[in-house]
Amino acid sequence: MGASQSTESNLTAGIQRHLSKIVVAPSFAASLFFVYGFILWTGYMAFSKSRMLPVWDWAGLRQYERLWQMERWHVAIENLLIFGGLFIVTCLVIGCLLAVLLDQRIRAEGALRTIFLYPMALSFIVTGTVWKWLLNPGLGLESMMHDLGWTSFEFDWLVNSDMAIYTVVIAAVWQASGFVMAMFLAALRGVDQDIIRAAYMDGASLPRIYFGIIIPSIRPVFLSAIVVLAHLAVKSFDLVIALTGGGPGYSSDLPATFMYTMAFQRNQLGVGAASAMMMLATVMAIIVPYLYSELRGGKKNG
Amino acid sequence: MYLRKTILATGVALSALATASFAHAEPTAEVLHWWTSGGEAKAVASLKEDFEANGGTWVDSPVAGGAGDAAMTVLRSRVLSGDAPAAVQLKGPAIQEWAEQGALADLNDVAAAEGWDDVIPGAIQDVMKYEGDYVAVPVNVHRVDWIWANPTLLEKVGATEAPKTWDEFNALADKLKAAGITPVAHGGQPWQDATVFETVVLGLGGPEFFQKALIDLDEDALNSDTMKAVFDQMRKIRGYVDADFPGRDWNLATAMVMNGEAAMQIMGDWAKGEFLAAGKVPGKDFICAATPSENGYLFNVDSFAMFNVSGDDKVEGQKLLAELIVGEKFQETFNLLKGSIPARSGVSLDNFDDCAKKSEADLNAAQAAGGFLPSMAHGMALRGHLSGAIVDVVTAHFNSDMSSDEAVSRLVEAIELAKD
């Protein structure tokens, strides 16, 4: 009797000891297969002759060569640089500014914070559709200004091949800057008030305090924000589809929309897989140094 | 306790029923399609009724989204896992691609019994056959090279009918523009740009040039002065559309013609459905005319490809389905609902509208003159990667200030790259 009780308690203890591992195991196995397994599969497809159906015939680097010879891929990459660069920088500037302004212990802070954060709750499809209407010259802003009597007003970026990608930046910034603001606000609140008070005592001006003390002390948040925004930029798909449809022509194509077109509409699985691998490489180029610095930093601190 | 017994009994009854229905080799067909809205959904429902009235069991597999992209993804995985649906909505050279994979079933015995060779136009037969064997069945013929015009607006500049040549087209459009009317309603989406492009190729180059350039992809034809003239005309048309055209859906462009906001639209005859749904009368409220060409006719034929299936009930179901689809009854009901014309001869067009009758007459004339050609923009003439390469250049040219010379050289380059 006593013996069986002790085995039972051993078992319970064993389960408890491994509980976290048992709970995590299914999702670990699933992500191992569905994420990393399919990354490997896509990686192989990019070296194969696949067109309509996946085939295993080895094609070497031919698909990558074809990819880089395509005018449309160059447009997509160029757009990613414009979009990604502007999106990240603008979001950081606006988010940081909003956070600093909200940090001034103003009235109705809660309400304002919610208002700025709400766009993040929308899906990109909704954002894209709303901005499509707002920016359509015959329907939105331009036509409203004309109706109000300002007939020389012109804002036709959405239908202009050279400017269409910038409308994507506008919509994306509108959506994501509130989120960046929330990140910064949390960090600002975490700054040690004693240091700030000491700076006050020494007679430092408010801008000086922000630029000299507070912002440098929240530098890790910048890094996190950049990583979050960068991967949002690289995987942007639905926003472009809803807002411009990749157009006019293919002038606002991004790598993700390019990949979809090749793999699912043109029976070019090989080229599509190659472009997907290029996207993965871009994300890795951002994430890996970040993870490395985080992990190394963790060891140093610990 | 009582409840449990009931459940048990029901379960037994159900499984008995299931066994019973498997015991009969009833003709069964699973149909994968993306006709899920409006007239198209009704058209599919008419096929289902027909099939069930003939003793078949219809398994519906609609996959909506992405104009068939989603359905194609489903199809790929189904075929790879060895469980293909019996019939799949599939068109153009995609049929040949699947046939090359050995995935399609042979319909020759049904074809012989029903005499398909005599009733289906030769150019459509070519699309439905792989190495001489029928592997797919056509359901309709859409014509692509149409001009839909608003007669009231044309009258304002003294025109009573649609232009007969592209010079007339330009003259008319200039007059309309001078009168403050938007000459051309257009939606700036790549496939719509390509639709206009191919009608211009057909008109300026003639059927023979169309065949060489957009079907055989002959480099001399692609690199010719005629092709430059085509791009010049595209640039002209660009000047005839309103400023807000990018991204507009085709039916909104049709609505512009209907509501008198623009004079003409170049679009396939699915545009007719929009007019008819709004209660407009052909010839009175709107004009349907062919785009300028010499006996040219660009067809866009929807079809069902028949995949290899195993089991007597499924094979029987597939054959029955193929027979019914090409049958006169279905071709009439389906095409009345879809706005196209039957893909076979011998169907009376009495119940169809005047535009459909014109389509049929032009089809016969074009066939006699050798101008009955598959549409490039709608995936009838070329495989996806080749037509995609052409569409990219066409839409890049139309939406920028690219010169015709550059467009032609890019076209040649893009084709070369896509070919290997």
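Please read these numbers as outputs of a predicted model, since none were measured by experiment.

**A few points about the overall build of chain A**
Then, number 1: If you tally the helices and strands in chain A, you get 13 helices and 0 strands.
Then, number 2: Starting at the N terminus and ending at the C terminus, chain A contains elements arranged as α-α-α-α-α-α-α-α-α-α-α-α-α.
Then, number 3: Taken over C-alpha atoms, the radius of gyration comes to 25 Å for chain A, far larger than the 19 Å a tight globule of 302 residues would show.
Then, number 4: C-alpha atoms of chain A, sized along the principal axes, occupy 90 × 75 × 35 Å.
Then, number 5: Evaluated residue by residue, chain A yields a buried proportion of 32% over its 302 residues.
Then, number 6: Here the contacts in chain A between residues at least 6 apart in sequence split such that 69% fall between residues at least 24 apart.

**Regarding the overall build of chain B**
Then, number 1: A count of helical and extended segments in chain B gives 19 helices and 14 strands.
Then, number 2: On C-alpha atoms alone, chain B measures out to a radius of gyration of 24 Å, which is about the 22 Å that the 2.2 N^0.38 rule sets for 420 residues.
Then, number 3: Dimensions of chain B along its principal axes, counting C-alpha atoms only, are 85 × 50 × 45 Å.
Then, number 4: Sorting the 420 residues of chain B into buried and exposed places 48% on the buried side.
Then, number 5: Across chain B, every contact between residues at least 6 apart in sequence was considered, and the portion connecting residues at least 24 apart equals 78%.

**A few points about the confidence of the model for chain B**
Caution is warranted with low-pLDDT regions, since their predicted coordinates should not be read in detail.
Residues and elements named next belong to chain B.
Then, number 1: In the predicted model, chain B carries a mean pLDDT of 88, and the fraction of residues at 70 or more is 93%.
Then, number 2: Every residue in residues 11-23 is under pLDDT 50, and counting partners more than four places away or in other chains gives 0 contacts.
Then, number 3: Scored as a whole, the predicted complex attains pTM 0.82, and scored at its interfaces, ipTM 0.75.

**Re the sheet that holds strand β8 (residues 146-149) of chain B**
Strand pairing in a sheet is mediated by backbone hydrogen bonds. Such pairs are either parallel or antiparallel.
All names here are of chain B.
Then, number 1: Within the open sheet, the 4 strands sit side by side as β9-β10-β8-β11. Their pairing is mixed. Where the open sheet ends on each side, the last strands, each with one partner, are β9 (182-184) and β11 (287-290). Neighbour-to-neighbour, the strand axes of the sheet open up by a mean angle of 20 degrees, direction not taken into account.
Then, number 2: Two elements, β8 and strand β10 (residues 262-266), share 3 bridges in a ladder whose sense is antiparallel. The residue bridging Ile147 from the neighbouring strand is Ile266, located in β10.

**A word on the interface of chain A and chain B**
Then, number 1: Taken together, the contacts link 25 residues of chain A with 26 residues of chain B.
Then, number 2: Elements represented by at least two residues in the side of chain A that touches chain B include exactly α2 (62-69), α3 (71-102) and α12 (255-265) of chain A.
Then, number 3: Among the residues making up the side of chain A that touches chain B, the classes are represented as 8 nonpolar, 12 polar and 5 charged.

**Some remarks on the domain arrangement of chain B**
All names here are of chain B.
Then, number 1: If you check the domain split of chain B, you get domain 1 (27-141 + 300-357) and domain 2 (143-299 + 360-419).
Then, number 2: In this structure, domain 1 and domain 2 have C-alpha centres spaced 28 Å apart.
Then, number 3: Opposite the 21 residues of domain 1 that make contact, domain 2 presents 23 residues.
Then, number 4: Elements with a contribution of two residues or more to the side of domain 1 that touches domain 2: α4 (93-100), α7 (122-128) and α17 (354-369).
Then, number 5: The element contributing the most residues to the side of domain 1 that touches domain 2 is α17, with 4 residues.
Then, number 6: Here the residues of the side of domain 1 that touches domain 2 sort into 11 nonpolar, 5 polar and 5 charged.

**Overview of the nonpolar core**
Then, number 1: Counting 186 residues, the largest nonpolar core has Val135, Trp148, Ala149, Ala305 and Met306 of chain B as the members making the most contacts within it.
Then, number 2: Broken down by element, the residue count for this core peaks at 14 residues, all from helix α7 (residues 164-190) of chain A.
Then, number 3: Built from parts of two domains, this core gets at least three residues from each of domain 1 (27-141 + 300-357) and domain 2 (143-299 + 360-419) of chain B.
Then, number 4: The contact partners of Val135 of chain B, leaving out residues within four places of it in the chain, are Ile95, Ala99, Leu104, Ala105, Asp106, Leu107, Met128, Lys129, Tyr130, Ala305 and Met306 of chain B.

**Describing the packing of α3 of chain A against α7 of chain A**
All names here are of chain A.
Then, number 1: Close contact between α3 and α7 brings their axes to 6 Å; oriented N to C, the two are set at 40 degrees. Between α3 and α7, the crossing angle belongs to the class labelled oblique. The crossing of α3 and α7 is right-handed.
Then, number 2: Broken down by class, the residue content of the contact of α3 with α7 amounts to 22 nonpolar, 4 polar and no charged.

**A short note on the sheet that holds strand β14 (residues 372-374) of chain B**
All names here are of chain B.
Then, number 1: Taken in spatial order, the 3 strands line up as β7-β12-β14 in an open sheet, and their pairing is mixed. The strands lining the two open edges of the sheet, one partner per strand, are β7 (142-143) and β14.
Then, number 2: Along the sheet, helix α10 (residues 190-215) contacts β12 (297-300) and β14; its crossing angle with β14, the most-contacted strand, is approximately 75 degrees.

**Describing the packing of helix α13 (residues 250-258) of chain B against helix α14 (residues 270-277) of chain B**
Residue and element names in this part refer to chain B.
Then, number 1: Where α13 contacts α14, the two axes come as close as 10 Å, and the packing angle between them is 50 degrees. Viewed along their axes, α13 and α14 adopt a mutual orientation that is oblique. With respect to the hand of their crossing, α13 and α14 are arranged in right-handed fashion. Between α13 and α14, the residues in contact are Asn251, Thr254, Ala255 and Met258 and Ala271, Glu274 and Phe275, respectively.
Then, number 2: Of the residues assigned to the contact of α13 with α14, the class counts are 4 nonpolar, 2 polar and 1 charged.

**Quick word on the pairing of β12 of chain B**
All names here are of chain B.
Then, number 1: What you see with β12 is no split at all: Tyr297 and Phe299 on one side and Leu298 and Asn300 on the other are buried throughout.
Then, number 2: With 2 bridges connecting them, β7 and β12 associate as antiparallel partners. Bridge pairing in β12 places His142 opposite Asn300.

**Description of unusual backbone geometry**
Residues and elements named next belong to chain A.
Then, number 1: For Ala108, which is not glycine, the phi torsion reads 55 degrees and is therefore positive.
Then, number 2: If you trace the backbone, Ala108 turns up in the loop between α3 and α4 (109-117).
Then, number 3: For Ala108, a count of 9 C-beta atoms within 10 Å corresponds to the exposed category.

Reading the values: rules and limits
- For every chain, the first residue of the written sequence is number 1, and numbering continues from 1 onward in sequence order.
- Think of it this way: whatever chain is written first is A, whatever ligand is written first is 1, and the rest follow in order.
- Confidence filtering applies because this is a predicted model: local features only for residues at pLDDT of at least 70, side-chain atom pairs given and counted only at 80 or more, and all residues used for totals across whole chains, interfaces and linings.
- Counting from the N terminus, the helices are the DSSP runs of H or I reaching at least four residues and the strands are the DSSP runs of E reaching at least two.
- Only C-alpha atoms enter the radius of gyration, while the globule expectation follows 2.2 Å times N to the 0.38, with N the number of residues.
- Residues with at least 20 other C-beta atoms within 10 Å of their own are called buried, those with 12 or fewer are called exposed, and the rest are partly exposed. The C-beta atoms themselves are positioned from the backbone.
- Two residues qualify as a contact pair if the distance between their C-beta atoms, derived from the backbone, is within 7 Å.
- Summary of the metric used: pLDDT quantifies the predictor's per-residue confidence within the range 0 to 100.
- Note on pairing: DSSP must find at least two bridges between two strands before they are called paired.
- Lines fitted to C-alpha atoms define the axes, with helix axes restricted to the stretch in contact, and inter-axis angles between N-to-C directions lie between 0 and 180 degrees.
- Only Asp, Glu, Lys and Arg are considered charged in this grouping, and only Ala, Val, Leu, Ile, Met, Phe, Trp, Tyr, Cys and Pro are considered nonpolar; every other residue, Gly among them, is considered polar.
- An automatic or database domain assignment supplies the start and end points of every domain.
- The term nonpolar core means buried Ala, Val, Leu, Ile, Met, Phe, Trp, Tyr and Cys residues held together as one set by C-beta atoms within 7 Å.
- Roughly parallel refers to an angle under 35 degrees, roughly antiparallel to one over 145, roughly perpendicular to one between 65 and 115, and oblique to any angle outside these ranges.
- If you view the pair so one helix is near and one far, a crossing is left-handed when the near helix is turned anticlockwise from the far one by less than a right angle, and right-handed when it is turned clockwise.

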